[in-house]
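# Structural overview
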Amino acid sequence: MTSVTQTLPSDPVIRAAGGFAIVSGIISAIGVVFLITMFVLFATPLKTLGLTFGLLNDICVAIQYLLTIPVALALYRILLPYNPALIRLATIVGIAMML
């Protein structure tokens, strides 16, 4: 049997996308903690503090979406040869929704 190994070109956007995905996941996890804290505080008399944690969660979500844009661009470069028209459309729609 013959073994065929596929390698991706050394594209800096593709290489950096993994790091952006990891940082986005970490910020997302922090945002979930803020969200849970917000709902817990809403069940107490400290509702204004809960609103502060809700704002922090919203900030985390905004940062998370901005950090996924390089991931979308890397996927565009990887998947473009398979179906150029569909991949272009999906990338444009995806990035527009992230913004």
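With that settled, the discussion passes to helix α2 (residues 47–67). Along its 21 residues, α2 runs 30 Å from first to last C-alpha, staying within 8% of the 30 Å computed at 1.5 Å per residue. Within α2, burial applies to Gly 50, Gly 54, Asn 57, Cys 60 and Leu 67. Angular distribution of buried residues about the axis of α2 spans 140 degrees; they occupy a single face of the element. Among the exposed residues of α2, those oriented more than 90 degrees off its buried face are Thr 48, Leu 51 and Leu 55. Looking at the packing, one finds that the buried side of α2 touches α1 (12–42) and α3 (69–79).

Once that is clear, we can look at the packing of aromatic side chains. Within the structure shown, the criterion is met by two aromatic pairs. An angle of 50 degrees between the planes, with centres 5.8 Å apart, marks the rings of Phe 34 and Phe 53 as tilted. One end of the pair, Phe 34, is in helix α1; the other, Phe 53, is in helix α2, and 19 residues separate them in sequence. Given the relative accessible area of 22%, Phe 53 is considered partly exposed. Summarising the aromatic geometry, the rings of Phe 39 and Phe 42 are spaced 6.4 Å apart at their centres and angled 85 degrees between planes, so their arrangement reads as edge-to-face. Separated by three residues within a single helix, Phe 39 and Phe 42 lie in helix α1, roughly one turn from each other.

Right, let's get into the environment of Leu 89. Tracing the backbone shows Leu 89 in helix α4 (residues 84–98). Taking C-alpha positions, Leu 89 is 12 Å from Leu 73, a pair spaced 16 residues apart along the chain.

On to the packing of α1 against α3. For the pair α1 and α3, the least separation of the axes is 8 Å and the interaxial angle reads 140 degrees. As judged from the angle between their axes, α1 and α3 are oblique. When the axes of α1 and α3 are compared, the crossing they make is left-handed. In this structure, α1 uses Val 13, Ile 14, Ala 17, Phe 20 and Ala 21 to contact α3, whose residues at the interface are Pro 70, Val 71, Leu 73, Ala 74, Arg 77 and Ile 78. For the contact of α1 with α3, the residue count by class is 10 nonpolar, no polar and one charged.

Analysis parameters
- Residues numbered from 1 in each chain as written.
- Predicted model: local features only at pLDDT ≥ 70, side-chain atom pairs only at ≥ 80, totals over all residues.
- Heavy atoms only, no water.
- Helix = DSSP H or I, 4+ residues; strand = E, 2+ residues; numbered from the N terminus.
- Expected span 1.5 Å × (residues − 1).
- Buried < 20%, exposed > 50% of the residue type's maximum accessible area, 1.4 Å probe, protein only.
- Arc of directions from axis to C-beta.
- Contact = heavy atoms within 4.5 Å.
- Phe/Tyr/Trp six-rings, centres within 6.5 Å; stacked < 30°, edge-to-face > 60°.
- Axes fitted to C-alpha atoms, helices over the stretch in contact; angles between N-to-C directions.
- Parallel < 35°, antiparallel > 145°, perpendicular 65-115°, else oblique.
- Left-handed = near helix turned anticlockwise from the far one by under 90°.
- Nonpolar A, V, L, I, M, F, W, Y, C, P; charged D, E, K, R; others polar.

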